[in-house]
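Chain residues, written in single-letter form:
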Amino acid sequence: MNYRHGYHAGNYADVLKHLVLVELLRLLTAKDKKLFVLDTHSGAGGYDLAAGPAMRTREAEAGIRRLMAMPRAGMPAAVVRYLAAVAAYDRKFGRGEGLRHYPGSPRLVRAALRPGDRFVACELHPQEALSLKREFAGDRAVEVRQADGYHALKALLPPVERRGLVMIDPPFEKTDEFETLSRGLKHALRRFATGCYAIWYPIKDEEAVAAFEETLAGFKVLILEARVNVVAEGKLGACGIAVINPPWTFQEAMAESLPWLAAPLDARLGLRSGFSVSSPTA
Ligand SMILES: C[S@@+](CC[C@H](N)C(=O)[O-])C[C@H]1O[C@@H](n2cnc3c(N)ncnc32)[C@H](O)[C@@H]1O
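The notes below deal with the structure included here. Fair warning: this is a prediction, and the values are worked out from it, not measured in the lab. (Residues numbered from 1 in each chain as written. Predicted model: local features only at pLDDT ≥ 70, side-chain atom pairs only at ≥ 80, totals over all residues.)

## As for helix α8 (residues 177-191)
Quick reminder of the rule: Under the DSSP-based scheme used, a helix requires at least four consecutive residues in state H or I and a strand at least two consecutive residues in state E, with every element numbered from the N terminus. Take the residue count of a helix, subtract one, and multiply by 1.5 Å to get its expected span. Partly exposed residues are those whose C-beta has more than 12 but fewer than 20 other C-beta atoms within 10 Å; 20 or more makes a residue buried and 12 or fewer makes it exposed, with C-beta atoms placed from the backbone. What the arc measures is the spread of directions leading from the helix axis to the C-beta atoms. By the convention adopted here, residues make contact when the C-beta atoms placed from their backbones lie within 7 Å.
Helix length check: α8, at 15 residues, gives a terminal C-alpha distance of 21 Å against a target of 21 Å (1.5 Å per residue), a fit within 8%. Those residues of α8 that sit buried are Phe178, Leu181, Gly184, Leu185, Ala188 and Leu189. The buried residues of α8 occupy an angular sector of 130° when projected down its axis, which confines them to one face. Of the surrounding secondary structure, the elements contacted by the buried residues of α8 are α7 (149-156), β6 (164-168), β7 (196-202) and α9 (206-214).

This is the structure in structure tokens:
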């Protein structure tokens, strides 16, 4: 396990993933009913963009930092809300020049929780799990587990609340990650078919992606994709997120946001509902 999310924090893939996450959380917490959130692959929780791995790759420059610098006028509402969530996390560290501290998925989840909601964050890597535990030390609203997120799908679903958001964001270091993911997801959907799931994946091997999408057949699915126009050597050029059982109005918010993100991210972003293909916007 060599993957460290710090090298990629705030890049275009994080922007897409976290925009989706913030909007899903907003819609799912709008209802006056308790929500369970499971983040199977949580990472460290938060990232310092001006130090360590993030500083070395500077991937956030063409991602969140570029977006943050843009005027809010004319920006889609979901993008404005995502940027506000990022800024709120950064502000916890005091005011500095520009954005420095970027929230990982567990921090974005935490910010959206209401009293009575439940959140379990799993992270397998010992060092990342330690950082995550430190990030939420003393916070009783967050249960951090150093555990295999795929096992958590079996152990924790269905939740007693009967309403849940499950975020699955593996590192894809292993060649069989898509198979492991598909198996885990099938189990999870059998146990908790009505849950909302957001699953991130890299688009490198289109056949593997197509095989993964096959496992989603029969479910209400929205697929979001981002493909950067200029891919630096050794970097990931495209990624997707499958959202199973998206809440009402989620698709509209994404249909407005994704084309808008094309210019600042220098990427093509697209949306597919079910399995009818519509090309990404130029
Ligand atoms: C892409 S990163 C997660 C980033 C995080 N979701 C975010 O958006 O801020 C994937 C993480 O999964 C962890 N990991 C790898 N295999 C795991 C497993 N089986 N269960 C839980 N965590 C795992 C890695 O150590 C890494 O920190």
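Text resumes after the structure shown.
## Side note on the site of the ligand
How we decide: The criterion for a residue being near a molecule or strand is a backbone-placed C-beta atom within 6 Å of that molecule or strand. Residues are grouped as follows: nonpolar covers Ala, Val, Leu, Ile, Met, Phe, Trp, Tyr, Cys and Pro; charged covers Asp, Glu, Lys and Arg; every other residue, Gly included, is treated as polar.
Lining the immediate environment of the ligand, one finds 21 residues, of which His41, Gly43, Gly104, Ser105 and His125 sit closest. Here the shell around the ligand is built from residues that sort into seven nonpolar, nine polar and five charged.

## A word on the environment of phenylalanine 136
You can see phenylalanine 136 is positioned in the loop between α6 (126-135) and β5 (142-145). With 20 C-beta atoms counted inside 10 Å, the residue phenylalanine 136 sits in the buried group. Sequence-wise, phenylalanine 136 and proline 106 are 30 residues apart; in three dimensions their C-alpha atoms are separated by 9.4 Å. Ignoring anything within four residues of it in the chain, the contact list for phenylalanine 136 reads Gly45, Val142 and Val144.

## With respect to the pairing of strand β1 (residues 36-39)
Rules: Any two strands with at least two DSSP bridges between them are considered paired.
Across the two faces of β1 the burial is the same, with Phe36 and Leu38 and Val37 and Asp39 all buried. Bridging between β1 and strand β4 (residues 118-122) involves four bridges; their strand directions are parallel. Of the residues in β4, the one forming a bridge with leucine 38 is valine 120. With four bridges connecting them, β1 and β6 associate as parallel partners. From the neighbouring strand, phenylalanine 36 faces β6, where its bridge partner is glycine 164.

## Notes on the sheet that holds strand β10 (residues 267-273)
Using the following cut-off: Throughout, an axis means a line fitted to C-alpha atoms (over the contacting stretch in the case of helices), and angles, computed between N-to-C directions, take values from 0 to 180 degrees.
In space, the eight strands of this open sheet follow the order β5-β4-β1-β6-β7-β9-β8-β10, with mixed pairing throughout. Of all the strands in the sheet, just β5 and β10 have a single pairing partner and so form its edges. On average, each strand axis in the sheet is inclined to that of its neighbour by 10°, with strand direction left out of account. Two strands pair when backbone bridges link them, and strand β8 (residues 221-228) and β10 are joined in this way by seven bridges, in the antiparallel orientation. Each residue of the ladder has a partner; that of leucine 222, found in β10, is serine 273. The strands that α7 touches are β1, β4, β5 and β6; relative to β4, the one it contacts most, it runs at about 150°.

## Examining unusual backbone geometry
Where the residue is not glycine, phi is negative for most of them; where a peptide bond is considered, it is trans in most cases. The amide bond that connects leucine 157 to the next residue, proline 158, takes the cis arrangement and shows omega of 0°. Mapped onto the secondary structure, proline 158 falls in the loop between α7 and β6. Backbone geometry places arginine 162, a non-glycine residue, at a positive phi of 65°. Tracing the backbone shows arginine 162 in the loop between α7 and β6. Positive phi values are uncommon outside glycine, yet asparagine 245 reaches one of about 55°. Mapping asparagine 245 onto the fold places it in the loop between β9 (238-244) and α10 (250-265). Owing to 18 C-beta atoms within 10 Å, asparagine 245 belongs among the partly exposed residues under this scheme.

## With respect to the packing of α8 against α9
The angle between the axes and the distance between the axes are what describe a pair of packed helices. Which entries qualify depends on this criterion: Oblique is the label for every angle not falling under 35 degrees (roughly parallel), over 145 degrees (roughly antiparallel), or within 65 to 115 degrees (roughly perpendicular).
The contact between α8 and α9 brings their axes to 10 Å, and the two run at 5°. Taken together, the axes of α8 and α9 lie roughly parallel to each other. Residue-level contacts link Phe178, Leu181 and Ser182 of α8 to Ala208, Ala211 and Phe212 of α9. Considered class by class, the residues forming the contact of α8 with α9 number five nonpolar, one polar and no charged.

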